[in-house]
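Residues per chain are reported as follows:
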Amino acid sequence: QYETACGVTVSRSDELATADWETQVVDLTLDEVDLWRAVRRSYHALIHTAERRYVILAHWKPDQAATVAGICRDLHQHAAGRETRPAETWEMMGDWIVDRHAFAVIAYDGTVARGYAYVIQYGAWAYFGSGVGIDRNLSHALVWTAMKHLKAAGVRWFEVGWLERRGDTSKDVSISFMKRGFGGTAMGAR
């Protein structure tokens with residue numbers, strides 16, 4: 001339904017069946033000290049600075065779902081300068097929180113949301129869905145907080161996301177570099 005709402009012509013499962021790219025996966029069964037040790041050293045100061053500056057919360061309760069999905073949508077729209085996809089997809093993201101298949105980590109500066117990371121959960125796996133940091137270097141702390149929340153919830157694997165692919169833009173290459181910085185292993189076809 002999500003793919004239909006977005007107008008996707010090739011389903012994600014069909015795309016993955018023929019993928020020639022890798023994805024970064026973190027094993028969350030490691031203790032937190034070892035997970036932290038695997039995070040790129042240059043991220044440590046960025047994460048600590050964000051943790052001091054912002055209140056960073058994982059929102060997973062069903063009664064928060066509509067509000068949380070709305071905050072994510074507003075942040076995404078603000079960062080892009082436009083509506084990026086149909087409203088129906090944001091409603092679905094709220095529904096997934098209600099069904100306990102997703103949560104969002106949101107950073108607040110006072111009462112103002114400044115960034116989010118949205119994570120989808122299925123069984124022992126979790127997948128980074130989307131996110132944005134309005135302020136520079138905020139995303140690192142959002143992903144780290146999501147990892148800690150997943151670990152505490154007993155999730156085994158966290159797919160941070162696809163790595164550099166043929167034809168990627170320079171922005172995509174930068175995002176790929178960031179994803180590798182959270183440790184784990186590159187998995188998939190190459």
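If you're wondering where the values come from, they're calculated on a predicted model, not measured in any experiment.

Criteria and cut-off values
- Residues numbered from 1 in each chain as written.
- Predicted model: local features only at pLDDT ≥ 70, side-chain atom pairs only at ≥ 80, totals over all residues.
- Heavy atoms only, no water.
- Core = buried A, V, L, I, M, F, W, Y, C linked by side-chain atoms within 4.5 Å.
- Buried < 20%, exposed > 50% of the residue type's maximum accessible area, 1.4 Å probe, protein only.
- Helix = DSSP H or I, 4+ residues; strand = E, 2+ residues; numbered from the N terminus.
- Contact = heavy atoms within 4.5 Å.
- Salt bridge = Lys/Arg side-chain N within 4 Å of Asp/Glu carboxyl O.

Peer 1: Outline the nonpolar core, supporting the account with residue identities and numerical values.
Peer 2: Judged by nonpolar contacts, the single largest core of 29 residues is most densely connected at L28, M147, L150 and F158. Looking at this core, the elements with two or more residues in it are helix 3 (32-38), helix 4 (41-53), strand 3 (102-109), strand 4 (112-122), helix 7 (139-152) and strand 6 (157-162). Looking at which element gives the most residues to this core, the answer is helix 7, with 7 residues. Apart from residues no more than four positions distant in its own chain, L28 is found in contact with L35, M147, L150, K151, V155, R156, W157 and F158. Formed by 16 residues, the second largest nonpolar core is a distinct cluster that contains L75, A102, I106 and Y116.

Peer 1: Please give an account of the pattern of salt bridges that cites residues and values.
Peer 2: If the charged atoms of two oppositely charged side chains come close together, the side chains can form a pair. The tally for this structure, following the rule as stated, stands at 8 salt bridges. For the salt bridge of D109 with R53, the shortest nitrogen-to-oxygen distance reads 3.6 Å. Of this pair, D109 sits in strand 3 while R53 sits in helix 4, and the two are 56 residues apart along the sequence. A network of salt bridges, in which partner residues are shared, links R53, D109, R114 and D135.

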